[in-house]
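Survey of secondary and tertiary structure
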Amino acid sequence: MPRPLPSFLHAPEPEVSARARWQGPAVIIALALLLLLQGVLAQRTQLAADARWRPLVSTLCVVVRCELPAWQEPAAITLVRRDIRPHPAHPGVLQVTASFRNDARWPQPWPALQLTLSDVDGRALGTRTFQPREYLAHPTSTARIASGQVVDIAMDILEPAPGVVAFTFDFH
């Protein structure tokens, strides 16, 4: 059985100040928060695509001066009014007019507008996707459509085939 050491060989218990007792946990907490911040910044694009996280990530990016991609929610574009008529002066040309609104909570990039023309049996006779520079009458100075903004469009297109009786608009 080992013999106990003499008392002079025992190291005295160091006195720990109250400040020293909290330094270790404070450093650990600070490093954990820094790791959490780094994780949020690394995943900011994915988090900003979620409506629940976007306000927090947006505020954080203002503080640390980072960039966020524009909010993109094509499903929040609502078609308010739409019409297609034969052009009165030009046979084989259709006049397209429509109004749509951004119902998203944030501004978003101008959507691509897909127009599909169909016959009486529902067969697509023609489909085309129009970019904002093609459907906006006047080039806009803003790259985004504001939340709640209503946009009116008007354009003339060639009729792809005789017998167009139906049409659909989709936003991408």
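Residues numbered from 1 in each chain as written. Predicted model: local features only at pLDDT ≥ 70, side-chain atom pairs only at ≥ 80, totals over all residues. Heavy atoms only, no water.

1. Some remarks on the packing of aromatic side chains
Where we set the bar: Ring pairs are drawn from Phe, Tyr and Trp, using the six-membered ring of Trp, whenever the two centres fall within 6.5 Å, and their geometry is named by plane angle: stacked under 30 degrees, edge-to-face over 60, tilted for the rest. In this description a helix means any DSSP run of H or I spanning at least four residues, a strand means any run of E spanning at least two, and both kinds are numbered starting from the N terminus. Think of it in three bands: with a 1.4 Å probe and only protein chains considered, a residue is buried below 20% of the maximum accessible area for its type, exposed above 50%, and partly exposed in between. For a ring to carry a charge above it, either NZ of a lysine or CZ of an arginine must fall within 6 Å of the ring centroid while also lying within 35 degrees of the normal to the ring plane.
Summed over all chains, the structure comprises four aromatic pairs. Ring centres of Trp 71 and Trp 106 lie 4.7 Å apart, and the angle between their planes is 55°; this geometry places the pair in the tilted category. Taken together, the residues span a long stretch of sequence, with Trp 71 in the loop between α3 (54-64) and β1 (77-86) and Trp 106 in the loop between β2 (93-102) and β3 (108-109) at a distance of 35 residues. With relative accessibility at 6%, the residue Trp 71 sits in the buried group. Aromatic pair Phe 167 and Phe 169: ring centres 5.9 Å apart, planes at 85°, arrangement edge-to-face. Put simply, the rings of Phe 100, Tyr 135 and Phe 171 touch in pairs and so form one group of aromatic residues. Geometry around Trp 106 places Arg 54 over its ring, the cationic atom sitting 6.0 Å from the centre.

2. Considering helix α1 (residues 18-42)
Let me state the cut-off plainly: Given a helix with a known number of residues, its expected span is that number minus one, times 1.5 Å. Given a residue, its bend is the angle between the two axes fitted to the seven residues that end at it and to the seven that start from it.
Taking 1.5 Å of rise per residue, the 25 residues of α1 would be expected to cover 36 Å, and the 37 Å separating its terminal C-alpha atoms lies within 8% of that figure. Of all the bends in α1, the greatest, near 25°, is centred on Gly 24, and the proline Pro 25 appears no more than four residues after it.

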